[in-house]
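Inside the fold
Each chain, written out:
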Amino acid sequence: MASPNTYKLSCSIAGHELDVRGLANAYLPEGAFVSVSRDRTAKVWVPNPSENRGYEEMHCMNGHTNFVSCVCIIAPNETYPRGLIATGGNDNIICVFSLDRSDPLFTLQGHKNTVCALSAGKFGTLLSGSWDTTAKVWLSDKCMMTLQGHTAAVWAVVILPEQGLMLTGSADKTIKLWKAGRCEKTYSGHEDCVRGLAVVNDVEFFSCSNDASIRRWRVSGECVQVYYSHTNYIYSLAVCPNGQDFISTGEDRTVRIWKKGECTQTIRLPAQSVWCCCVLSNGDIAIGASDGIIRVFTESEERVASAQDLKAFEDELSKATIDPKTGDLGDIKVEDLPGREHLDEPGNRDGQTRLIKEDNNVEAYQWSMSESRWMKIGDVVGGSSQQNSKKVTFEGKEYDFVFTIDVNEGGPSLKLPYNVNDDPWLVAHNFLQRNDLNPMFLDQVANFIIENTKGHTIGAAPATAVDPFTGSGRYVPGVGGGTDGFGADPFTGAGRYIPGADSPGSANTGAADPFTGGSAYSPAVLQKAGTNIYFPKTDGVMFEQANATQILAKLRELNGNAPQDHRLSDVVLDSLEKLLLTVSDPKSPDLPTAEQINVLWRTSHWPEDIVFPVLDILRLAVRHPEINAQLCGGTEGASLCNHLLGLMSLQGRPANQMLALRTLCNCFAGSRGRTLLLGQREAVLSRASDLRAVCNKNIHVALATLVLNYAGMLHGRPSELEAKAQCLSVASSALEVVQDKEAIFRLLVALGTTVAGDSTAKDLARSLGVSSQITKYTSVSDPAKVGECCRLVLDELQ
């Protein structure tokens, strides 16, 4: 029987035809779990009611057209009180199932390659990782945001307990921490692909890697411990309910039990790849492997398998064949090995391996601490790795095999290099992709490799393996300052022109408008009426104030000091002056001419150190219907957007950054401008968000206004969830650094406008931790509108 500290086999479930690649503990029915397999199915298993051990199949789900790679459970809610099951596959899609039907409720499409990792969070949030190097955040059936930053496949994802925090682990050897859709931190330390992640508590997590190590990290960035015991790739981790003990599985055919930081038990399986594990609700552990069998191990004496089943498991293990290249057996010289008498000496640690010679054969044994005996774990085949190291050279690298594949009759043959310690499915995938062949041939090519390399098993990839997903030696593209804050005036002298010295922005919304400032707003009005005057705000906020005389004076001054080849003619200056006077006066009977607009566009490309007065004219001009229609439409619109984004680079001048942001805000004045900015939304908000790092209140107010205008345009459009998610993300990230109260107020209004009347957007905001982030503003009383607006946003999110 099992001792309190030892896991023993409880049952074996032969439920799949191919590798079991993922396992997840289900919320309901009680004691249930879900498995997914390369046989393209997902299955729900429930405890056998007639026995104290064992499981029976309750439900089989089909929906994928290729291997199923991963699974997670979405927590129960009012709509789905038993929860949902999400599965990801090699067909690039995610299927979401309920427990009462075999076909998907819906599918999530957006990844461009295999979906290999899933994690579910609060409020129905789902995080996925893919070979396409991205992770995606989903809510219901919509993609909310795409997390981009890794340079290789994202093999592992997990949502942390603190709302808004997510982790991704990649074949680029790094782990990244994301908050509200942006990368906050990169953890480096693993020497090969990161394959698994597991949450320890609110501030710590585990990672495992192809480098055969497990690391324990603090979310703050420190690696506090490294664990070694596995001898090959480590594929998965699961943390026990006590939050300290954990289990791991890998390519060395083992499950390892870790307690108090030490590997206390090694369970070897009769399968090469032990892909996945999970801790069940009763404390047992379920293990999925490459032989298609799910094995459950238990510490409970009541649930240990029968003596007959234990003997059958041990016999199966003893008949396994072991390639010496794949484990920690070392270089084997049969003539130097001891005989069976070597097993008379007890081992000194659980899982210790010992080799003996038996009639010119080599047998491997493992020491079991719980039973105080040596258990046979297989026959070693292949002899000395040095004696069997004949390699074939192909394109400058050595391989165990180089197959010749005839794809088209009469056409040129293709070469398929393969090492016995490569994954045949990934080699087949890479071969098809490299030669632009139909992915439908994946099964055929992989099975060809397996059939022609029988007797060899998968092991650690050598340094020469060329695998963009799982191995070392792959090509990883290389990667690559800040600016001084813009003060109130970059120039000297009295009576000078100061870009940004006007009011922060105005909206034509009548007297009771908190954006116009002054006596137009009184908090008593809000208290008396008990209404929300802040959001949703659907009319754009513009930057309209200007001193035309000062702008023109600065323009002429800079032009007089400009180099000859950049100096503007009097004709050009007069044209700009007429245009400025026209667009500054809403009552002007004059219309801007095509020539004036062309002059404005050409001069907006003046050198960056002197262009800001022209940008101020452009900022005012785009509000005019004629200019908005011409500069924001068609190819001209794309050119305008690209030019402004260029001025907004972090290496740019703060005055230009601020005026470019204000120009974008004012583009919302016309329908062409709104259409342009909606189409360029992802690039515009991404670049604008970077400017939160510039310590300048005018830039922060302009950034907040841009987000607010986007939120207003998106209000009442429930289909624009990804756009709303970006607004939430940018507003949330800006609120972490912005100090100016007006900028904070506008960001709060943007948040309120984004979530008002949209339950899905509210769920996303909750999952991103917006409520906890903004609570500190409820106590702000100067100005009162900040605290009042904050409380109204929190009411929306309750």
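Structure shown above.
Numbering of residues begins from 1 in every chain and follows the order in which that chain's sequence is written. Under the rules for a predicted model, residues below a pLDDT of 70 receive no local features and side-chain atom pairs below 80 are neither given nor counted, while totals for whole chains, interfaces and linings still include all residues. Note that water and hydrogens are dropped before the side-chain values are worked out from all heavy atoms of the structure.

Let's shift gears to the sheet that holds strand E1 (residues 8-13). Pairing is antiparallel in the open sheet, where four strands are placed in the order E1-E28-E27-E26. What marks the edges here is a single partner per strand, and that holds for E1 and strand E26 (274-279). Each neighbouring strand pair of the sheet contributes to a mean axis angle of 25 degrees, computed without reference to strand direction. In this structure, E26 lies alongside strand E27 (residues 285-289), joined through five bridges in antiparallel fashion. Considered in E27, the bridge of valine 279 is made with isoleucine 285. Two strands qualify as a pair provided that DSSP identifies no fewer than 2 bridges between them. Secondary structure elements follow DSSP: runs of H or I of four or more residues count as helices, runs of E of two or more count as strands, with numbering from the N terminus. Between N-to-C directions, angles span 0 to 180 degrees; the directions come from axes that are lines fitted to C-alpha atoms, helices contributing only their stretch in contact.

Before going further, it helps to spend a moment on the packing of helix H5 (residues 548-561) against helix H8 (residues 612-621). Packing of H5 against H8 leaves a shortest axis separation of 8 Å and a crossing angle of 145 degrees. The interaxial crossing formed by H5 with H8 has left-handed handedness. Between H5, through Ile551, Lys554, Leu555 and Leu558, and H8, the contact on the second element is made entirely by Phe612, Pro613, Val614, Asp616, Ile617 and Leu620. Whether a crossing is left-handed or right-handed is set by the direction in which the near helix is turned from the far one by less than a right angle, anticlockwise for left-handed and clockwise for right-handed. Here, two residues are considered to be in contact whenever any of their heavy atoms come within 4.5 Å of each other.

Right, let's get into the nonpolar core. Nonpolar side chains in soluble globular proteins generally cluster together in the buried interior. One finds Leu661, Leu706, Tyr710, Leu748, Leu751, Ile774 and Tyr777 to be the most contacted residues of the largest nonpolar core, which totals 116 residues. If one sorts the elements of this core by residue count, helix H14 (residues 697-714) sits on top with 12 residues. Here the nonpolar core consists of buried residues drawn from Ala, Val, Leu, Ile, Met, Phe, Trp, Tyr and Cys, with membership extended through side-chain atoms lying within 4.5 Å. Note on classification: 1.4 Å probe, protein chains only; a residue is buried when its accessible area is under 20% of the maximum for its type, exposed when over 50%, partly exposed between these limits. By size, the runner-up hydrophobic cluster in this structure holds 18 residues, among which are Leu9, Ala238, Val255 and Phe313.

By convention in these notes, a salt bridge is any Lys or Arg side-chain nitrogen within 4 Å of a carboxyl oxygen on Asp or Glu. Under the counting rule described, the total for this entry stands at 31 salt bridges. Among the ionic pairs, glutamate 371 bridges to arginine 373, the shortest N-O distance being 2.7 Å. What makes glutamate 371 partly exposed here is its relative accessible area of 30%. Its relative accessible area of 28% is what places arginine 373 among the partly exposed residues. Of the charged contacts, one joins arginine 556 and glutamate 577 as a salt bridge, the two residues approaching to 2.9 Å between their closest N and O atoms.

This paragraph deals with unusual backbone geometry. Among all residues save glycine, negative phi is the norm, and among peptide bonds the norm is trans. Proline 536 follows phenylalanine 535 through a cis peptide bond whose omega is 5 degrees. Relative to the assigned elements, proline 536 resides in the loop between helix H4 (523-529) and H5. A cis amide bond links aspartate 782 to the next residue, proline 783, at an omega of 0 degrees. Of note, proline 783 is situated in the loop between helix H18 (770-774) and helix H19 (784-797). Despite not being glycine, arginine 253 shows a phi value in the positive range, around 70 degrees. Here arginine 253 lies in the loop between strand E23 (246-250) and strand E24 (254-259). Notably, lysine 260 is not glycine yet its phi reads approximately 55 degrees, a positive angle. Along the polypeptide, lysine 260 turns up in the loop between E24 and strand E25 (262-268).

Now for the sheet that holds strand E22 (residues 234-239). Read from one edge of the open sheet, four strands run E22-E23-E24-E25, paired in antiparallel fashion. Across the chains shown, the open sheet's two edge strands, defined by having one partner strand only, are E22 and E25. The mean inter-strand angle of the sheet, taken between neighbouring strand axes irrespective of direction, is 20 degrees. Two elements, E23 and E24, share four bridges in a ladder whose sense is antiparallel. Following the sheet pairing, serine 248 is matched in E24 by arginine 256.

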